[in-house]
Structure formats: C-alpha cells, structure tokens
Amino acid sequence: MTELILRNKAIIADLEKIRKAVLSKIHQDSLPSTQNCEKFMSEEYLKKRMSDSEHEGFPIEYHSLPLSPDPNFEEINNFVKGDFITNLGANSDAVFLYYPKGGGVGWHNNANNSGYQFIFSWSEKGDGYFQYYDKKKEEIVKIPDVSGWQARYYHFGREEEDHCWHSAYTNVPRITICALFRWREKPEMKEQVLAMKDQLIEDIESEI
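Here, residues in each chain are numbered from 1, in the same order as that chain's written sequence. Local features are withheld for residues below a pLDDT of 70 in this predicted model, meaning they are given only at 70 or higher, and side-chain atom pairs are given and counted only at 80 or more; totals for whole chains, interfaces and linings count all residues. The basis for every side-chain value is the complete set of heavy atoms in the structure, and neither hydrogens nor water enter the calculation.

## Describing the sheet that holds strand S8 (residues 139–144)
Alright, step 1. Strand pairing is defined by DSSP finding a minimum of two bridges between the two strands. A run of DSSP states H or I qualifies as a helix once it reaches four residues; a run of E qualifies as a strand once it reaches two. Both are numbered from the N-terminal end. Sheet architecture is open: 5 strands sit in the order S2-S5-S10-S7-S8, paired in antiparallel fashion. Edge strands, defined here as strands with exactly one partner in the open sheet, are strand S2 (62–63) and S8.
Alright, step 2. In this sheet, strand S10 (residues 166–170) lies alongside strand S5 (residues 104–108) in antiparallel orientation, the contact comprising 3 bridges. When the sheet's bridge partners are listed, Val105 is paired in S10 with Ala168.

## A short note on the pairing of strand S9 (residues 148–156)
Alright, step 1. Buried, partly exposed and exposed residues are distinguished by accessible area as a fraction of the type maximum, computed with a 1.4 Å probe on protein chains only: under 20%, between the cut-offs, and over 50%, respectively. Buried residues dominate S9, accounting for 7 of its 9 residues.
Alright, step 2. Alignment of strand S1 (residues 2–4) against S9, held across 3 bridges, turns out to be antiparallel. Considered in S9, the bridge of Leu4 is made with Ala151.
Alright, step 3. Bridge count for strand S6 (residues 115–123) against S9 is 9 bridges, and the pairing is antiparallel.

## Brief notes about the sheet that holds S6
Alright, step 1. The strand order across the open sheet built from 6 strands is S1-S9-S6-S11-S4-S3, with neighbouring strands paired in antiparallel fashion. A strand with exactly one partner marks an edge of an open sheet, and here the two such strands are S1 and strand S3 (65–66).
Alright, step 2. Contact between two residues is taken to exist if any of their heavy atoms lie within 4.5 Å; hydrogens are not considered. Orientation is described by lines fitted to C-alpha atoms, with helices fitted over the stretch in contact, and by angles between N-to-C directions that extend from 0 to 180 degrees. Against the sheet, helix H4 (residues 190–204) touches S1, S6, S9 and strand S11 (174–181), its axis set at about 25° to S6.

The following block contains the structure:
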C-alpha cells in the first residue's frame, strides 16, 4: 500500500465539489441502521476471512451508505463516474461510499475487481484508520486517517499471491472514492493502462 501526497489543485477542487454535494444531501433517516464496525477490524476476523476458501473479494461486514445507486445523489454520482474518473485517466470507478460515525468495512481483498486502485478518502476530523495485512512482515499495518482528504494506491490481484487484505473504520463521517485502472477484459491494453496509472501518481503529487 503506497501513500500519496495530494497536492494537485484541480483534483482537490473536484474532491471538494464531491464532498460538499454529498454532505448537503446526507440525512440521518437515509443512513443504514447504527452499528459499530470496529469489532470486524481485529486479527481474529482477518484470519477468519483469509481461511474462507470461497471468499470472492467482496467485503462481508460493512456499515456504509453506497452513493452510486442512490437517486438522491444522481447528479454528483454522474460527475464522479464521468468527469472525475475520466480526468484521472482511470477506466472504472470501484467505490463511492459515505461512512457514518461507527462505520467501516471489514477485511476483504478485492480479488473480484483486480487492477490498480486509487483510494481517495475524506475524514471530518481524522478519527479513523485504514489498515492492511503486510504479507512479508506478517502483521497488520494501521494508517491513521487525517482531517480532510488523503490518497493511496495498491495493486489488487486475483491470484492468492497478489491478494491485499484490507479494512477501514471511522469514528466520524467519512467519504471514500476509488478509481480503478484495470486491463483484465482487454489484456492488450495493459501497457497503456499502466502508463496512465503512473501518470496519475505524478499528477496527484504535482502542485498544478
């Protein structure tokens, strides 16, 4: 998992547009029933999921509001799927979620949606974290959220040796958007997709 320094003013402006639109339409009665997901962040649950031979990549435990299918967020969802993802050079959006207080997503590996995934997360106060399992060190690495936006990326593969087990939890409102660079359906496009991925890394950390 690689952390990026988000400096690009155009990308930040788009992310802020998304944040303001989401928060302006969030209402308590539209949120899923309250629960605390932190119990699903443990090493015990990680081992449970890793030992599941039928795990396809999707998270099993989660507490969030998917914004993509919600008609109340149609306008900003169209912006995310269209302008934002296109401007990044990605060829697919993987996730667009709002996490309420106590929200999160349990251990999973995204094997169902392989490729290079860029994860943009906004936290109201930074009271939360993203974590992943480091296979070489055989330990869980916890990355604290910061107040505002942050970005990271990783290659999520289909094969077991390429799995990246990860989860996230928050004590405050959080928004996550994922942009995916994939070539599974068009292997002849792999080199082009990888070049665009490398360009995005440069763009994110560039003060444009």
